[in-house]
Structure formats: structure tokens, C-alpha cells
Amino acid sequence: MIELTRLNGRPMMLNSDLIKTAEASPDTMLTLINGEKLIVREEIAEVVERVLAYRAHLLAVVSRRLHKFDDFARVIALASLDVANQPATPQSPGPAGGSVK
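Residues numbered from 1 in each chain as written. Predicted model: local features only at pLDDT ≥ 70, side-chain atom pairs only at ≥ 80, totals over all residues. Heavy atoms only, no water.

> Even after reading the chapter, I still don't get the overall build of the chain, so can you show me in this structure?
On a plain count of helices and strands, the chain comes out with 1 helix and 5 strands. Reading the chain from its N terminus to its C terminus gives the helix and strand order β-β-β-β-β-α. For the chain, buried positions account for 17% of its 101 residues. A fraction of 32% describes how many contacts in the chain between residues 6 or more apart in sequence connect residues 24 or more apart. Entry remark: accessible area of the chain is about 8,000 Å², with carbon and sulfur atoms responsible for 59%. (Helix = DSSP H or I, 4+ residues; strand = E, 2+ residues; numbered from the N terminus. Buried < 20%, exposed > 50% of the residue type's maximum accessible area, 1.4 Å probe, protein only. Contact = heavy atoms within 4.5 Å. Areas by Shrake-Rupley, 256 points an atom, 1.4 Å probe, with all protein chains shown as cover.)

Here you go:
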């Protein structure tokens, strides 16, 4: 979500994924994917900058979480290599219900 200002001065939060087009005529008019039009005080360059900053923030959050997950996955992978303390696996039944040898 990005914060923008309506022409009447009231701030609003907008889901930037909903922006389809932005036009300067002379005010900035945003057309959303549902066809709704919004006129905001910010210039197009500022809207673009806020969208890029928001997406960069999202990517940074995801990157940090994946980094933690990768560390966790490495610990699990290393722990699974310790076969000395694992119980023996039972043999699989053969086609007739017997053991495979």
C-alpha cells in the first residue's frame, strides 16, 4: 500500500497493484484495474517512486524471511545426515506380502 493525497487534501492508502495507468492532465489521474479513476496531488514521478519503494520494501522482507528459512533448511539437512541415532527402517513387504530380501 502506498499513501497518496486526494485533491481535497485528504490522505489515502492505495493498493499499488491496482494501478493500471497514470496520466498527467494536468493533475495526476490514476486509472485502476476495475476502471475507477482517482485524481491525486502527487506527480506521476512521485507515484512511481512510492510504488518502487513499496515493492523494494516487500522484496527486502521476503529476502530476509527466505534467508532465515535457508538457514533452517540447512540445519534440517545436516540433522538428517545423523543416521547413527535413527532406528532401523522396517523392510518393505514384497509382492506377496512377504519381506524383500
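> In this structure, what is going on with the sheet that holds strand E5 (residues 37-40)? I would like to understand it.
Hydrogen bonding along the main chain pairs the strands of a sheet, whether they run parallel or antiparallel. In space, the 3 strands of this open sheet follow the order E3-E4-E5, with antiparallel pairing throughout. Unpaired on one side and paired on the other, strand E3 (19-24) and E5 mark the two borders of the sheet. With direction set aside, neighbouring strand axes in the sheet form an average angle of 25°. Where strand E4 (residues 28-32) and E5 come together, 4 bridges link them in antiparallel fashion. (Pairing = 2+ DSSP bridges. Axes fitted to C-alpha atoms, helices over the stretch in contact; angles between N-to-C directions.)

> I'm lost on the pairing of strand E2 (residues 11-14) in this one. Help?
Look at any regular strand and the pattern is simple: side chains alternate between the two faces of the sheet. The alternating pattern of E2 places Met 12 and Leu 14 on a buried face and Pro 11 and Met 13 on a face that is not buried. Joining the antiparallel neighbours strand E1 (residues 2-5) and E2 is a turn of 5 residues, in which Gly 9 adopts a positive phi near 95°.

> Would you take a moment to explain the environment of Met 12 for this structure?
Counting through the fold element by element, Met 12 comes out in strand E2. Overall, Met 12 belongs to the buried group, its relative accessible area being 10%. Taking the C-alpha atoms as reference points, Met 12 and Val 40, separated by 28 residues in sequence, lie 9.5 Å from one another. Sequence-distant contacts of Met 12, that is, excluding residues within four places in its chain, are made with Ile 2, Glu 3, Leu 4, Arg 6, Leu 38 and Val 40.

> How should the nonpolar core be read in this particular structure?
Note on soluble globular proteins: their nonpolar side chains tend to be buried together. Core analysis: the biggest nonpolar cluster contains 10 residues, these being Ile 2, Leu 4, Met 12, Leu 14, Leu 30, Leu 32, Leu 38, Val 40, Val 47 and Val 51. Looking at this core, the elements that each hand over two or more residues are E1, E2, E4, E5 and helix H1 (44-80). (Core = buried A, V, L, I, M, F, W, Y, C linked by side-chain atoms within 4.5 Å.)

> Would you explain the pattern of salt bridges in this entry?
Pairs can form between side chains of opposite charge whenever their charged atoms are close. Enumeration according to the criterion identifies 3 salt bridges in this entry. Of the charged contacts, one joins Arg 50 and Glu 42 as a salt bridge, the two residues approaching to 3.5 Å between their closest N and O atoms. Residue Arg 50 is classed as partly exposed on the basis of its relative accessible area, which comes to 28%. Within this structure, Glu 42, Glu 46 and Arg 50 form a network of salt bridges that share partners. (Salt bridge = Lys/Arg side-chain N within 4 Å of Asp/Glu carboxyl O.)

Purely geometric stuff here, so don't read any function into it on its own.
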